[in-house]
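Chain by chain, the residues:
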Amino acid sequence: SAVISQKPSRDICQRGTSLTIQCQVDSQVTMMFWYRQQPGQSLTLIATANQGSEATYESGFVIDKFPISRPNLTFSTLTVSNMSPEDSSIYLCSVEDYGQGNYGYTFGSGTRLTVV
Amino acid sequence: GESVGLHLPTLSVQEGDNSIINCAYSNSASDYFIWYKQESGKGPQFIIDIRSNMDKRQGQRVTVLLNKTVKHLSLQIAATQPGDSAVYFCAENQAVVGSQGNLIFGKGTKLSVKP
């Protein structure tokens, strides 16, 4: 199955600043997904990123707050902009992984963000 | 540190017993379901999946049951081990015409295994 490297693994940031999270996959994938997992909660999809087109955002998430880049088929970044303490969460990237079954999805280990 | 599981329902079982984790899904049109295991400090790991044309699928020590009538999914873990302690999430794939769809995650259950 695909191997995902996500950086940074954790960070503590000042409010009002921005953090860019990187996701590198060891194989070419069409779609990459970005999720947020708030403390004690389940995963919520932020956006879907296809190479060569703008990301598709879910309800409640906007490009100005969470700009995404997808420069090639193995890499994506998610930026959390103008952070506030409410943005403290785990952010995860994910890819479809057909090696696991019809529509298996593999996840990175996540970025634990604390905004102070 | 972060506390995944702080607000999640907890299932506590004795080592060696069988565990059953339940999940209600939302969309009767969902056609693919996955169970994930998330250990502390890690991303979700794929455990087992099932398509909507099946009602049971078995893996190594795990079985997933699907009841489409009541939109219910369960994960059974046989002979539960301390290494099974984690948060378990069900996820449904709401495939949309013209799209590969994306996963919708359930609330999660924290499994705690007592030695």
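Residues numbered from 1 in each chain as written. Chains lettered and ligands numbered in written order. Predicted model: local features only at pLDDT ≥ 70, side-chain atom pairs only at ≥ 80, totals over all residues. Heavy atoms only, no water.

Q: What is the right way to read the side chain of B:Ser19 from this model?
A: Residue and element names in this part refer to chain B. As for its placement among the helices and strands, Ser-19 is situated in strand S2 (residues 19–24). Within the structure, the side chain of Ser-19 is placed 2.7 Å from the side chain of Thr-80, a separation counted as a polar contact. Those residues in contact with Ser-19 that lie beyond four places of it in its chain are Leu-11, Val-13, Leu-75, Gln-76, Ile-77, Thr-80 and Leu-111. (Helix = DSSP H or I, 4+ residues; strand = E, 2+ residues; numbered from the N terminus. Polar contact = N/O pair within 3.5 Å; in protein donor to acceptor, adjacent residues only side chain to side chain. Contact = heavy atoms within 4.5 Å.)

Q: Please explain the pattern of salt bridges as it appears in this structure.
A: Opposite charge on two side chains allows them to pair when their charged atoms are near. Overall, the coordinates contain five salt bridges over all chains when judged by the stated rule. One salt bridge connects A:Lys65 with A:Asp87, and the closest N-O pair in it is separated by 2.6 Å. Taken as a pair, A:Lys65 in the loop between strand S6 (56–57) and strand S7 (68–72) and A:Asp87 in the loop between strand S8 (75–80) and strand S9 (89–96) lie far apart in primary sequence, 22 residues in all. Close ionic contact of B:Asp49 with B:Arg57 constitutes a salt bridge, the shortest N to O distance being 2.1 Å. Taking the relative accessible area as the measure of exposure, B:Arg57 reaches 34% and is therefore partly exposed. (Salt bridge = Lys/Arg side-chain N within 4 Å of Asp/Glu carboxyl O. Buried < 20%, exposed > 50% of the residue type's maximum accessible area, 1.4 Å probe, protein only.)

Q: Where do I start with the state of the cysteines in this structure?
A: By definition, a disulfide links two cysteine residues through a covalent bond between their sulfur atoms. Residue and element names in this part refer to chain B. As enumerated under the stated definition, the model contains two disulfides over all chains in all. There is a disulfide in this structure between Cys-23 and Cys-90, and the S-S distance comes to 1.6 Å. In this pair, Cys-23 is assigned in strand S2 and Cys-90 in strand S8 (residues 86–93), connecting sequence segments 67 residues apart. Assigned by exposure class, Cys-23 and Cys-90 land together as buried. (Disulfide = S-S within 2.5 Å.)

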